[in-house]
Amino acid sequence: MQEDQIHHRRASEIEELSKLTGHLAHEIKNPLSTIKVNLKLISEDIDGNDQKSARALKKIAVVQKETDRVEQILENFLRYIGKPELRIIETDINELINDMIDFYAPQAHSHLIVIRPSLYEAPLICRVDLDTLKQVILNLFINAQQAMTGPGELIIRTSKLQNFATITISDTGSGIDRQGLTKIFTPYYSSKPAGSGLGLSIAKKVIDAHKGTIKVDSEPGKGTAFTIQLPLKM
Ligand SMILES: Nc1ncnc2c1ncn2[C@@H]1O[C@H](COP(=O)(O)OP(=O)(O)OP(=O)(O)O)[C@@H](O)[C@H]1O
Ligand SMILES: [Mg+2]
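Attention in this report is confined to the structure presented alongside it. (Residues numbered from 1 in each chain as written. Chains lettered and ligands numbered in written order. Predicted model: local features only at pLDDT ≥ 70, side-chain atom pairs only at ≥ 80, totals over all residues. Heavy atoms only, no water.)

1. Details of the packing of aromatic side chains
Where we set the bar: Ring geometry is summarised as follows: Phe, Tyr and Trp rings, the Trp one being its six-membered ring, pair when their centres sit within 6.5 Å, and such pairs are stacked at plane angles under 30 degrees, edge-to-face over 60 and tilted between the two. Labels follow the DSSP assignment, with helices taken as runs of H or I lasting at least four residues and strands as runs of E lasting at least two, numbered in each case from the N terminus. For each residue, the accessible area found with a 1.4 Å probe, counting protein chains only, is set against the maximum for its type, and the residue is called buried under 20%, exposed over 50%, and partly exposed in between.
Going through the model one piece at a time under the given rule, you end up with two aromatic pairs. Ring geometry for Y104 versus F141: centroids 5.0 Å apart, planes at 45°, classification tilted. With Y104 in helix 3 (residues 93-110) and F141 in helix 4 (residues 130-147), this residue pair connects regions lying 37 residues apart in the sequence. F141 matches Y104 in its accessibility class, with the two residues each being buried.

So, in structure tokens, the structure goes:
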């Protein structure tokens with residue numbers, strides 16, 4: 001079989017599998033919501049005045065927390081396998097970045113992170129899905145924040161390179177070692193106790209869908225830089 005035929009077959013197998021697993025995830029979500037509603041009703045029926053019912057309420061709370069977790073896992077999975085439906089509009093990337101900086105500034109401040117923006121002098125007009133792209137940028141900010149345990153800097157640059165708008169988000173955090181660099185865009189890879197490990201995989205999918213690229217550069221102990229390139233509107 002020719003290489004492109006193999007590639008094509010593999011792509012349709014993956015698509016088929018995504019459909020099946022997506023269906024499975026949806027199917028699990030339905031009984032899960034029934035479980036959640038009934039747990040709530042049960043807990044409302046119990047008055048927690050005596051010790052026994054107080055104990056029961058505690059156990060119900062544990063089950064509720066775990067069902068929330070299952071729901072979150074399913075939603076993340078569906079978000080990852082779903083084809084991003086893009087609502088494309090013409091946007092100035094500088095404006096988008098400025099909005100994101102305004103939005104994130106209070107959180108940065110509370111984590112002792114100084115934001116250093118350096119934006120290209122002219123508008124960088126790209127055709128993008130605003131909400132989805134904002135989500136990607138926010139995820140990169142949060143990853144940077146989580147990599148900086150103490151005070152740090154978040155350097156945000158935009159520039160123009162040939163027919164592309166470039167966004168670089170750099171931090172002065174822990175950095176990523178060589179082995180980590182090979183895994184960070186793999187779904188479910190996370191070095192964090194409560195991380196889903198889907199943030200960067202989804203980011204890559206979204207940027208791919210915009211016909212752009214996302215790359216990483218990192219030095220352990222010094223920091224990390226993510227660079228996104230998006231085609232400029234011609
Ligand atoms: N700025 C960064 N500095 C250091 N390591 C990073 C940075 N960004 C990502 N990583 C590494 O890449 C891994 C994958 O990141 P990703 O955003 O996909 O998932 P996560 O952050 O672990 O989980 P979630 O995004 O669901 O909270 C992280 O666990 C971390 O090890
Ligand atoms: Mg993340």
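2. Regarding the layout of surface pockets
We count it as follows: Throughout, the protein atoms alone are placed on a 1 Å grid, and a set of points is a cavity if a 1.4 Å probe fits but cannot get out or a pocket if it is open with protein on both sides within 12 Å along at least five of seven lines; lining residues have an atom within 4 Å of a point. Grid points are joined across faces, edges and corners, and a volume is the space filled by probe spheres set on the points. In the scheme used here, Gly and all other residues not listed as nonpolar or charged are polar, with Ala, Val, Leu, Ile, Met, Phe, Trp, Tyr, Cys and Pro taken as nonpolar and Asp, Glu, Lys and Arg as charged. Marked domain ranges trace back to an automatic or database domain assignment.
Within this model, the largest pocket holds a volume of roughly 870 Å³. What lines the largest pocket is a set of 33 residues, among which N143, Q146, S190, S191 and K192 lie closest to the centre. Elements with a minimum of two residues in the lining of the largest pocket: helix 2 (51-81), helix 4, strand 5 (164-171), helix 6 (199-209) and strand 7 (223-231). Among the elements that line the lining of the largest pocket, the one with the most residues is helix 4, at eight residues. Looking at the lining of the largest pocket, its residues break down into 13 nonpolar, 16 polar and four charged. Structurally, the lining of the largest pocket is a two-domain feature, drawing no fewer than three residues from each of domain 1 (2-81) and domain 2 (88-231).

3. Looking at the site of ligand 1
We count it as follows: Residues are labelled near a given molecule or strand when at least one of their non-hydrogen atoms is within 4 Å of it. The definition of a polar contact used here is a pair of N or O atoms within 3.5 Å, where within protein one atom must be able to donate a hydrogen and the other to accept one, and adjacent residues in sequence count solely through side-chain atom pairs. Surface accessibility follows the Shrake-Rupley procedure with a 1.4 Å probe radius. Residue values consider only the protein chains on display as shielding. Pocket occupancy is defined atom-wise: a molecule lies in a cavity or pocket when more than half of its atoms are within 2 Å of its grid points.
Surveying the vicinity of ligand 1 reveals 20 residues, the closest of which are S190, S191, K192, S196 and L200. The separation between an oxygen atom of ligand 1 and a polar side-chain atom of S190 is 2.6 Å. Here a nitrogen atom of ligand 1 and a side-chain polar atom of T224 are 3.5 Å apart. Look at ligand 1: alone it shows 590 Å² of surface, and the protein chains cover 89% of it. Under a 2 Å grid-point criterion requiring more than half of the atoms, the pocket assigned to ligand 1 is the largest pocket. Counting only elements with at least two residues in the shell around ligand 1, the list comes to helix 4, helix 6 and strand 7.

4. As for the environment of L232
Within the secondary structure layout, L232 lies in the segment after strand 7. Note on L232: relative accessible area 12%, which makes it buried. As for L232 and R116, which are separated by 116 residues in sequence, their C-alpha atoms are 24 Å apart.

5. Some details on the pattern of salt bridges
In plain terms, the rule: By definition, a salt bridge exists where a carboxyl oxygen of Asp or Glu is found within 4 Å of a side-chain nitrogen of Lys or Arg.
Within this structure, the stated rule accounts for 12 salt bridges. A salt bridge links E75 to K29; the shortest N-O distance between them is 3.4 Å. Of the two residues, E75 sits in helix 2 while K29 sits in helix 1 (residues 3-45), which places them 46 residues apart along the sequence. A salt bridge links K222 to E219, with the shortest nitrogen-to-oxygen separation between them at 3.9 Å. Overall, K222 belongs to the exposed group, its relative accessible area being 56%.

6. Describing unusual backbone geometry
Even without being a glycine, L112 presents a positive backbone phi close to 60°. For L112, the position within the fold is in the loop between helix 3 and strand 2 (113-118). The backbone phi angle of Q162 is positive, close to 50°, even though this residue is not glycine. Following the sequence through the fold, Q162 ends up in the loop between strand 4 (152-161) and strand 5. Relative accessible area serves as the criterion here: at 67%, Q162 is assigned to the exposed category.

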